[in-house]
Amino acid sequence: MEIFLIIVSAIFVNNIVLAQFLGVCPFMGVSGKLSTATGMSGAVCFVITLATVVTYLINKFFLVPLGLTFLQTIAFILVIAALVQIVEIVLKKISPSLYQALGIFLPLITTNCAVLGVAINVVTKEFTFGGGAAHMLGLGESAVYAFATSLGYGLAMVLFAGLREQLAQSDIPEAFKGLPIAFITVGIMALAFLGFSGIV
């Protein structure tokens, strides 16, 4: 039951973009087309999940025993940067068209605060689900939380990309075209996701 609560909480209640406002830069930049948003969501999903597992292990078996927890942020950034390079190389080989479509936003995953935010949340925050006692997440729970969080990121991005494609075909007043209507739409989406807050 706790795993289910972690998934629902990470995707809907504490959505990384719409509730915690992390990773907004690539969210706004790549969501112009549905195909690009889907590809970016997949890349972010892979990086967040893998980075969280790797940083959890580094923190537990290296930084904490040696009393080097003050190096968490630097160590985590280095791990994330290395993983993004791997994703970039793999995408270039497997799907050159997606690699070209993502353009500058693929290296931006390195500086995507959503990736670092999830990794730091897992090792520093105590989580409470369903009114139980607060506790730190174990490795399995951390992987589930990271994957669910990245699914929430992907869900928000794909929904927003679909809305932006629809808005591009709509008759919008000149003053609201482009980013203004995009920010208004994100605000309405955030309010809609706020409706899930009573679930967990």
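Residues numbered from 1 in each chain as written. Predicted model: local features only at pLDDT ≥ 70, side-chain atom pairs only at ≥ 80, totals over all residues. Heavy atoms only, no water.

(A) Representation of the packing of helix α3 (residues 34-63) against helix α6 (residues 113-124) within the structure. At their nearest, the axes of α3 and α6 sit 9 Å apart, and the two run at 40° to each other. On the basis of the axis angle, α3 is oblique to α6. Pair α3 / α6 crosses with right-handed handedness. Together, Val47, Ile48, Ala51, Thr52, Thr55, Tyr56 and Asn59 of α3 and Ala114, Val115, Val118, Ala119, Val122 and Val123 of α6 make up the contact between the two elements. Looking at the contact of α3 with α6, its residues break down into ten nonpolar, three polar and no charged. (Axes fitted to C-alpha atoms, helices over the stretch in contact; angles between N-to-C directions. Helix = DSSP H or I, 4+ residues; strand = E, 2+ residues; numbered from the N terminus. Parallel < 35°, antiparallel > 145°, perpendicular 65-115°, else oblique. Left-handed = near helix turned anticlockwise from the far one by under 90°. Contact = heavy atoms within 4.5 Å. Nonpolar A, V, L, I, M, F, W, Y, C, P; charged D, E, K, R; others polar.)

(B) Up close: the environment of Leu66. Structurally, Leu66 is set in the loop between α3 and α4 (72-94). Along the sequence, Leu66 and Ile109 sit 43 residues apart, while their C-alpha atoms lie 29 Å from each other.

(C) Layout of the nonpolar core. Leu18, Phe27, Leu106, Ile109, Tyr145 and Tyr153 are the most contacted members of the largest nonpolar core, which has 53 residues in total. If you list the elements that add at least two residues to this core, you get α1 (2-13), α2 (24-30), α3, α4, α5 (96-102), α6, α7 (139-169) and α8 (179-194). Among the elements that make up this core, the one with the highest residue count is α3 (nine residues). Leaving out residues up to four positions away in the same chain, Tyr153 has contacts with Asn15, Ile16, Val17, Leu22, Gly23, Pro26, Phe27, Val44, Asn112 and Ala114. (Core = buried A, V, L, I, M, F, W, Y, C linked by side-chain atoms within 4.5 Å. Buried < 20%, exposed > 50% of the residue type's maximum accessible area, 1.4 Å probe, protein only.)

(D) View of the pattern of salt bridges. The full count for this structure, using the stated rule, is one salt bridge. Note that Lys177 is salt-bridged to Glu174, the shortest N-O span being 3.6 Å. Overall, Glu174 belongs to the exposed group, its relative accessible area being 63%. (Salt bridge = Lys/Arg side-chain N within 4 Å of Asp/Glu carboxyl O.)

(E) Inspection of the side chain of Thr52 at higher detail. By the secondary structure assignment, Thr52 is in helix α3. Residues in contact with Thr52, not counting those within four places in the same chain, are Val118, Ala119, Val122, Ser142 and Ala146.

(F) Local environment of the confidence of the model for the chain. Per-residue pLDDT for the chain averages 87, and the proportion of residues at 70 or more is 96%. When mean pLDDT is taken per element in the chain, α7 scores highest with 93 and α5 scores lowest with 78. (pLDDT = per-residue confidence, 0-100.)

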